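For reference, the chains in residue letters:
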Amino acid sequence: MAKITYIEHDGTEHALDVKPGLTVMEGAVKNNVPGIDADCGGACACATCHVYVDEAWLDKTGDKSAMEESMLDFAENVEPNSRLSCQIKVTDALDGLVVRLPESQH
């Protein structure tokens with residue numbers, strides 16, 4: 001299991017054990033983390049699982065695909081560390097990952 005900390009816009013933290021093989025989005029949805037809507041269910045088709053990856057973890061979460069880059073155009077308040085959490089596969093190497101949630105997904 002990888003410990004992932006999801007931080008809501010208001011600062012509320014959810015430190016969760018997420019099984020490798022799942023996505024960061026699936027870990028949030030399975031544990032009812034507010035702020036990850038995941039309207040498309042993880043198909044990289046909606047941008048409602050937008051997160052900000054903590055700067056220290058950017059290299060470990062992989063590169064954005066062209067499709068992810070395109071979908072981020074639909075997210076609000078995109079920053080250089082913005083990712084779609086459905087596109088980040090959980091591995092043991094992500095143990096300790098911190099992601100912050102935007103104020104709104106819509």
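Scroll up a little and you will see the structure.
The rules behind the values
Residues numbered from 1 in each chain as written. Predicted model: local features only at pLDDT ≥ 70, side-chain atom pairs only at ≥ 80, totals over all residues. Heavy atoms only, no water. Pairing = 2+ DSSP bridges. Helix = DSSP H or I, 4+ residues; strand = E, 2+ residues; numbered from the N terminus. Axes fitted to C-alpha atoms, helices over the stretch in contact; angles between N-to-C directions. Buried < 20%, exposed > 50% of the residue type's maximum accessible area, 1.4 Å probe, protein only. Lys, Arg positive; Asp, Glu negative; His and termini not counted. Salt bridge = Lys/Arg side-chain N within 4 Å of Asp/Glu carboxyl O. Contact = heavy atoms within 4.5 Å. Core = buried A, V, L, I, M, F, W, Y, C linked by side-chain atoms within 4.5 Å.

Remark on secondary structure: sheet strands pair via backbone hydrogen bonds, oriented parallel or antiparallel. Pairing in this open sheet of five strands is mixed, and the strands run β2-β1-β5-β3-β4 from one edge to the other. Since the sheet does not close on itself, it has two edges, and those belong to β2 (13-18) and β4 (82-84), each with one partner. Averaged over neighbouring strand pairs, the angle between their axes works out to 35 degrees when direction is ignored.

Bringing the side chain of glutamate 8 into the picture now. Positionally, glutamate 8 belongs in the loop between β1 (2-7) and β2. Despite being buried, glutamate 8 has no salt bridge partner; arginine 100 is the closest side chain of opposite charge, sitting 12 Å away. Discounting chain neighbours no more than four positions away, the residues touching glutamate 8 are His14, Pro34 and Leu101.

Further remarks concern unusual backbone geometry. The phi torsion at cysteine 44 lies on the positive side, around 55 degrees, for a residue other than glycine. If you trace the backbone, cysteine 44 turns up in the loop between α1 (24-30) and β3 (50-53). With relative accessibility at 4%, the residue cysteine 44 sits in the buried group. One non-glycine residue with positive phi stands out, namely asparagine 77, at about 55 degrees. With respect to the element layout, asparagine 77 can be found in the loop between α2 (66-72) and β4.

Once that is clear, we can look at the pattern of salt bridges. Tallied over the full model, the rule gives two salt bridges. In this structure, the salt-bridge partner of aspartate 17 is lysine 3, at a minimum N-O distance of 3.4 Å. Taken as a pair, aspartate 17 in strand β2 and lysine 3 in strand β1 lie far apart in primary sequence, 14 residues in all. Its relative accessible area of 34% is what places lysine 3 among the partly exposed residues. For glutamate 68, the salt bridge is made with arginine 83, and the minimal N-O distance between the two is 2.7 Å.

One finds Tyr6, Val24, Ile36, Leu84 and Leu97 to be the most contacted residues of the largest nonpolar core, which totals 28 residues. At the level of secondary structure, the elements contributing two or more residues to this core comprise β1, β2, α1, β3 and α2. Beyond its immediate sequence surroundings of up to four residues, leucine 84 is in contact with Cys44, Ala47, Cys49, His50, Glu68, Met71 and Leu72.

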